[in-house]
Amino acid sequence: MNTGNKSIKLPSSSDRPHATTSTRDESGSTFVNHWQRGVPVYREPVVTPPLIFFAALAVVGLTLALVRFVSPLGPFVGMNDAYAWGIWKTFNVLTLTALGSGPLAVGLAAWVLNRQKLHLVMRTALVSGFLFYATGLVALGFDVGRAWNFWNILLPWRWNAHSAMLEISFCMPVYAGVFLAFENLPLVLERFYYTGSAATKELLRKWAPRLRRVYPAMITGAYLFPLMHQSSLGGLMLLAGDKIHPLWQTPFLPLLYLLTAVFCGLGFVTLLLLIGCLRHSRPLDVDVLGELGNLLSGGCFFFLAVRFGDIVWRGQLHTAFALDKWSLLFLLETALILVPAVALRSKVVRETPRSLLNMATLACLGGLLYRFIPTSIAFAPAHKAVYFPSLPELFMTIGYISLGIVAFVLAVKYFAVLPGDIEDWNHMFRVMRLRRAASTAKGETPWPASPSTR
Amino acid sequence: MSVGEGITRRQALLGILGFGGTVAGTLVAPAAAEEHPAHPEAPPDAVSMLYDNTICTGCKACMVACNEANGLPPDTTLSGGLWHMPTGLNSKTKNIIECYKEPDGGGFAYVKKQCMHCLDPACVTGCPFGALKKNEWGAVTWESSRCIGCRYCEVACPFDVPKFEWDHWNPKIVKCEFCFDQRLKENQQPACTGVCPTGAVIFGKRVDLLAKAKERIAASSDKYFEKRVYGEHEAGGTQVLYLSSVAFDKIGLPKLGSTSLGHYATKVTSVIYKWLSGPIVVAGILGAIIRRNWNRHEAERPEREKQTGLLEQL
């Protein structure tokens, strides 16, 4: 991914050229700490029992999805004409893509707000975000009844420019397929670079500067697009009008959906980093995590300020505190967001991994609840009807999520996604060289060949 | 990165403008006039139906005529395979007569349900590729080749009118289309109004029928609920008008505000997205900041790489 430098010497275990103790950044840009670069999880076997379990769920879900494609929707779903949208749309797309907004939230912080240390966790955000969008789009593809008519997207004169659904149909596939895919390219190419032949290396070396040249323009698009479609997801629910309870139906839905995307994105990346690093025995970096926690707290407060401002402006404060079913639901959702917002103001909470994990989880749950409620729970059609997802519906939803989990676990093992320290990176090459020495006898070619082949 | 930053910045800007221009071309034309006024006015040639449940005898001739005109199969689930007996509007029923009974067993009232043909229909506003369309004379029609089956129309419609063929592999959206293709185009009135023996539902221009409805209200003392026409203002106004002897919400006509849902849903976005100005401004600001930070990042990269001895990761 880069123009050449001098080759490096492999450090011995006693020789640590780059201390992993965190040092404060004086210049405002460069930062050295525990997490120094993405490192593949190379010490563990790729296939583990949990992976097989999730892969099995994914296979069940996708098999059902294929059957669904050649079958009418009716036998598969609990949806009906009053609740025409089931969990594939309301949960997998409208709700879960908030968690998949890490690339937007962390990216804005890193590249626009110039929080340099967050560059390290971008890859975790990018891979997870891409998978949330990809599985969400798969869910959409099997949800719509006449998917084959989607070619209309190629005929701009057929677009209904007033439709939030059109905005989403255009923006989400382009975002995932072009911008997120581009942002994920470096980590894939990097693997090719270290494992590939001399010709591959030569090619990548030639192309790296070209990728870097378009990079700023591409990440600008990568932030513009989700700003548009994450707000349009909230915009979708505007047309439902009075069907949605007044605590959730507001002209501010688009902005509030966007703000949930921001704090859920930050919260989920924090969660994923903590779980990933703890699961794979990686050291944590309280500076980076504390930064994320700090931004998460700010994001939650900003959301709550807009949420309450809107409720006061519409004169619904009495509804919010009526302590009936809806009010309690509202208070639960608010509490889930308010607790982390307040708690994470404390440096001690931010820098204690367990409490940070708990707070990030609460914030994510609160955001998910806020997004899910107006689409389903507080949604009352003109005619009495009941919707509860059918078993195939649930299995397909679980299948899509499992597919994302399987892909993420594989990505973490094959690509340099999770942050680690440089020593770990160098150690990986030593291990791989030993493995290669052992396996070339058997005629296999493991990767990577060497860290110094650049 | 030997290319001067001025050029790349210009390239980026041109790229954004080029993309913006392409999309703007399609977005701007319809956005020029206010497409979704809060209280839309009916065009003078808008057709209409007036249903008066003080006249309806509940004979259901309109239901049979509707199925015949639309080539719909009878819904025989309830009648044991014998006759058309739907429980509500569904994918085999575009028009239905329902009966409301007072809980105390006192009075009862009929109501005819079908698409309301709103002046600014929420389904049309939401439909991504314009499968649902406000056609000539204001009839809301559906075109199969543009429909992706997203069912946003069902979520959006305040009257729960559009129905989806859940048990078809190639599902259609089924709703009353004012007999647009079969009859309106042939200069005939819709099947239901044509067949109604008592004149409970009549066909005409909206402006005429609205006047007629108001005459009926004026002529009778207390016959009509709230002495008003349902559909004159509901959800911005509909082309199907109702007179009722009992409360509208009792016969399943929901209480709605007088603002069109299309106006409510697009009043902010239509400003932000006008000429794609919002996205272009945001892209410009983000792009400038990102470019500055990127250049700084790139300038420091060799130093960092020298320090660690490793290629920097993006």
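Quick caveat, the model's predicted, so the values are computed rather than measured.

What counts, and where the lines are drawn
- Residues numbered from 1 in each chain as written.
- Chains lettered and ligands numbered in written order.
- Predicted model: local features only at pLDDT ≥ 70, side-chain atom pairs only at ≥ 80, totals over all residues.
- Helix = DSSP H or I, 4+ residues; strand = E, 2+ residues; numbered from the N terminus.
- Buried ≥ 20, exposed ≤ 12 C-beta atoms within 10 Å, placed from the backbone.
- Contact = placed C-beta atoms within 7 Å.
- Nonpolar A, V, L, I, M, F, W, Y, C, P; charged D, E, K, R; others polar.
- Expected span 1.5 Å × (residues − 1).
- Pairing = 2+ DSSP bridges.
- Axes fitted to C-alpha atoms, helices over the stretch in contact; angles between N-to-C directions.
- Parallel < 35°, antiparallel > 145°, perpendicular 65-115°, else oblique.
- Left-handed = near helix turned anticlockwise from the far one by under 90°.

Caption draft 1: Quick look at the overall build of chain A. Along chain A, the regular secondary structure elements total 14 helices and two strands. Residue burial in chain A is summarised as follows: out of 454 residues, 50% are buried. Of all intrachain contacts in chain A linking residues separated by at least 6 positions in sequence, the fraction that spans at least 24 positions is 83%.

Caption draft 2: Looking closely at the overall build of chain B. Of regular secondary structure, chain B possesses nine helices and nine strands. In chain B, buried positions account for 44% of the 314 residues. Contacts in chain B between residues at least 24 apart in sequence constitute 62% of all its contacts with a sequence separation of at least 6.

Caption draft 3: Examining the interface of chain A and chain B more closely. Each side of the interface is counted separately: chain A has 67 residues, and chain B has 71 residues. Breaking the side of chain A that touches chain B down by element, the ones donating at least two residues are strand E1 (37-38), helix H3 (102-112), helix H5 (164-195), helix H6 (198-236) and helix H14 (422-440) of chain A. The leading source of residues in the side of chain A that touches chain B is H6 of chain A, at 13 residues. Classifying every residue of the side of chain A that touches chain B by side-chain character gives 37 nonpolar, 21 polar and nine charged.

Caption draft 4: Structural view of helix H7 (residues 253-279) of chain A. Its 27 residues place the ends of H7 of chain A 37 Å apart at the C-alpha level, agreeing with the 39 Å of an ideal helix rising 1.5 Å per residue. Counted residue by residue, H7 of chain A has 22 buried out of 27 residues, so it is predominantly covered.

Caption draft 5: Inspection of the environment of Val-195 of chain B at higher detail. Residues and elements named next belong to chain B. Examined against the element boundaries, Val-195 turns out to sit in helix H5 (residues 191-195). Linking Val-195 and Glu-305, residues 110 residues apart in sequence, is a C-alpha distance of 84 Å. Discounting chain neighbours no more than four positions away, the residues touching Val-195 are Ala-61, Cys-62 and Ala-65.

Caption draft 6: Representation of helix H10 (residues 325-343) of chain A. Residues and elements named next belong to chain A. The terminal C-alpha atoms of H10, which comprises 19 residues, lie 27 Å apart, in line with the 27 Å expected from a rise of 1.5 Å per residue. Buried within H10 we find Phe-330, Glu-333, Thr-334, Leu-336, Ile-337, Pro-340, Ala-341 and Ala-343. Of the surrounding secondary structure, the elements contacted by the buried residues of H10 are helix H8 (286-313), helix H9 (317-320), helix H11 (347-350) and helix H12 (353-377).

Caption draft 7: Representation of the sheet that holds strand E9 (residues 240-243) of chain B in the model. All names here are of chain B. Taking strand neighbours across the sheet as the criterion, the three strands line up as E8-E1-E9 in an open arrangement whose pairing is mixed. Taken across any chain shown, the strands that pair with only one partner, and hence form the sheet edges, are strand E8 (201-205) and E9. Each strand of the sheet is rotated relative to its neighbour by a mean of 25°, with strand direction disregarded. With four bridges joining them, strand E1 (residues 47-52) and E9 adopt parallel strand pairing. Paired with Asp-52 across the bridge in E9 is Leu-243.

Caption draft 8: Structural detail: the pairing of E1 of chain B. All names here are of chain B. Burial of E1 is extensive: six of the six residues sit out of reach of the surface. Across the two faces of E1 the burial is the same, with Val-47, Met-49 and Tyr-51 and Ser-48, Leu-50 and Asp-52 all buried. The sheet contact formed by E1 and E8 spans five bridges and is antiparallel. In the strand pairing of E8, Val-47 is matched with Lys-205.

Caption draft 9: Main features of the packing of H8 of chain A against H10 of chain A. Residue and element names in this part refer to chain A. One can describe the packing of H8 onto H10 by two numbers: an axis separation of 8 Å at closest approach and a directional angle of 140°. As the angle between them shows, H8 and H10 are arranged oblique. The handedness of the crossing between H8 and H10 comes out as left-handed. Residues Leu-296, Ser-297, Cys-300, Phe-301, Phe-303 and Leu-304 of H8 form the contact with H10, whose own contacting residues are Thr-334, Ile-337, Leu-338, Pro-340 and Ala-341. By residue class, the composition of the contact of H8 with H10 is nine nonpolar, two polar and no charged.

Caption draft 10: Representation of unusual backbone geometry within the structure. All names here are of chain B. Of note, the phi angle at Lys-227 is positive, near 50°, even though the residue is not glycine. Inspection of the secondary structure puts Lys-227 in the loop between helix H6 (206-219) and E9. Phi at Leu-276 takes a positive value of approximately 55°, unusual for a residue other than glycine. In this structure, Leu-276 sits in the loop between helix H8 (269-272) and helix H9 (277-308).

Caption draft 11: Inspection of the environment of Arg-301 of chain B at higher detail. Residue and element names in this part refer to chain B. Locating Arg-301 in the fold gives a position in helix H9. When the 17 C-beta atoms within 10 Å are taken as the criterion, Arg-301 is described as partly exposed. For the pair Arg-301 and Glu-312, spaced eleven residues apart in sequence, the C-alpha separation works out to 7.3 Å.

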